[in-house]
Amino acid sequence: MKLGLIFTSCALASTASAFSPAPFVASGRTSSSLNGNLLSTETGKASLDPAVFSRYSDLPYPVDRVTAEYVWVDAAGNTRSKTRTLPAAKAKKLETLPKWNFDGSSTDQAPGDDSEVILRPCRVFRDPFHPRDDGEDNILVMCDTYTPDGTPLPSNTRYNAEQVFKKHTAEECWFGLEQEFTLFNTDQRTPLGWPENGFPTRPQGPYYCSVGPENSFGRHITDAMYKACLYAGIELSGTNGEVMPGQQEYQVGPCVGIDAGDQLMMSRYILQRICEDFQVYCTLFPKPIVDGDWNGAGMHTNVSTKNMRNKGGIEVIKKAIYKLGAKHQEHIEVYGTGNELRLTGKHETANIDNFLYGVANRGASIRIGRDTEIDGCGYFEDRRPSSNADPYVVTGKIMDTIMGPDAPEIAPANKS
Ligand code: ADP
Ligand code: MN
Ligand code: MN
Ligand code: MN
């Protein structure tokens, strides 16, 4: 289902939606080279000469053929992809896209003596990296992964999430995912805008939603990914510069059910592809700089069911929050690796060991927006998931919990 733009929490309700752990330990500014020397050290310098490359990219495609980039999630939660040529007629609908396979022994997803992993197409997007003007579209295909006998791989977290959402389609659960990410020079040690081997001279404060060359770093990445995601058909609802210099955010959604995971995963793929072009290193690790007063990165998850969006929905929201509170630890366990470094109770987070909820409280685990309180209906925000959290796991787990048995009331933590 495609949803219109949502401007308020519920006024429009009746009209309607890992990179897993960074390859390094977040040891802050003292860490040595984090990932070998895979990338050039020439920071932010795009590796392609557009004049040379366009000689090839400008060539027309055969009219009856399209390219299909099959994207999947690997054992570490990162996206991988490979490309094939398909008859244009077959690529128009999900149902006619063929399954494919890859060598799982090269991605830690299958043993060498039985290495084939099956890719099942789940969701189709337009390919923003290979646009064409002949009326056809090349495509990106989000896939999930199976053994040859049809068993979902352990890394196929989409499968379980889909089972949960299939049980509760009548609830029309919407998710808005806020994806924060941190950009580094290709040395993987120096966040964009930071001095090498040092800290910014000014503390956090001027950078959030900022403008100006002394405040805003990497806007070209966010701008490029914004446009590419919209072109692809991802429902990007906005972007903003973040509190830590070099950190940014985009929001995906609201999307219905399993589609939130599909869209978010594909947006991460697109973000990485763009960082490749710009030769900037991007990590979703939740606490890239541990030492000092620097915000971590999250994947705040905004949630509403049909009943929450309807009149009187605030009572449904509160009940859902009590259920989430009762299962706090279970949720924390699947909300991303390294999250304990981020959920400290400082830097706009609640401590990992405490479950707090409140209206307009950014130090809470769960926040109810001011508008939702005033309107008496709308949505809530789970602020706990980390930036590298698996969106299929997070959305599926939330759905499962809020559809579960009632839990005891919890008093709100509001600053009055
Ligand atoms: P914040 O104030 O926390 O930074 P953002 O504006 O970054 O909030 O993100 C809010 C997200 O919530 C957006 O993706 C938005 O589309 C989504 N959203 C809005 N209304 C709803 C709703 N009723 N249910 C779920 N998500 C919603
Ligand atoms: Mn936000
Ligand atoms: Mn944010
Ligand atoms: Mn938020």
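Going by the structure above, here's the rest.
Residues numbered from 1 in each chain as written. Chains lettered and ligands numbered in written order. Predicted model: local features only at pLDDT ≥ 70, side-chain atom pairs only at ≥ 80, totals over all residues.

Trainee: In this structure, what is going on with the site of ligand 1? I would like to understand it.
Mentor: Taken together, 19 residues sit near ligand 1, with Gly176, Gln251, Asn302, Ser304 and Tyr379 positioned nearest. The element that contributes the greatest number of residues to the shell around ligand 1 is strand β6 (residues 174-184), accounting for 4 residues. Of the residues in the shell around ligand 1, the class split is 6 nonpolar, 10 polar and 3 charged. (Near = placed C-beta within 6 Å. Helix = DSSP H or I, 4+ residues; strand = E, 2+ residues; numbered from the N terminus. Nonpolar A, V, L, I, M, F, W, Y, C, P; charged D, E, K, R; others polar.)

Trainee: Explain the environment of Met266 here, please?
Mentor: One can find Met266 in helix α4 (residues 258-278). Expressed as a C-alpha distance, the spacing of Met266 and Val71, which sit 195 residues apart in the sequence, is 7.8 Å. Non-local contacts of Met266, meaning those with residues more than four positions away in its chain, are made with Val71, Phe125, Leu140, Met142, Ala232 and Ile234. (Contact = placed C-beta atoms within 7 Å.)

Trainee: How do you make sense of the sheet that holds strand β3 (residues 100-103) when you look at a structure like this?
Mentor: Note: strands within a sheet are paired through backbone hydrogen bonds, in either parallel or antiparallel orientation. Reading across from one edge, β2-β1-β5-β4-β3 is the order of the 5 strands in this open sheet, with mixed pairing throughout. Only two strands of the sheet have a single partner each, and these edge strands are β2 (79-87) and β3. Going across the sheet, the axis of each strand differs from the next one's by a mean of 40 degrees, ignoring polarity. Pairing of strand β1 (residues 65-73) with strand β5 (residues 139-146), which is carried by 4 bridges, proceeds in the parallel orientation. Pairing of Tyr70 across the sheet is with Val141, part of β5. (Pairing = 2+ DSSP bridges. Axes fitted to C-alpha atoms, helices over the stretch in contact; angles between N-to-C directions.)

Trainee: How do you make sense of the pairing of β2 when you look at a structure like this?
Mentor: Each regular strand shows side chains that alternate between the opposite faces of the sheet. Note: β1 against β2, 9 bridges, orientation antiparallel. Paired with Thr67 across the bridge in β2 is Thr85. Between the end of β1 and the start of β2, which pair antiparallel, lie 5 residues, with Gly77 showing a positive phi angle near 90 degrees.

Trainee: Would you explain α4 in this entry?
Mentor: A turn of α-helix holds 3.6 residues, and therefore any two residues three or four places apart point the same way. Between its first and last C-alpha atoms α4 spans 31 Å; for 21 residues at 1.5 Å apiece the expected length is 30 Å, and the two agree. In terms of burial, α4 is largely enclosed, as 16 of its 21 residues are buried. Two residues or fewer past α4, Gln279 is found with a positive phi of approximately 55 degrees. (Expected span 1.5 Å × (residues − 1). Buried ≥ 20, exposed ≤ 12 C-beta atoms within 10 Å, placed from the backbone.)

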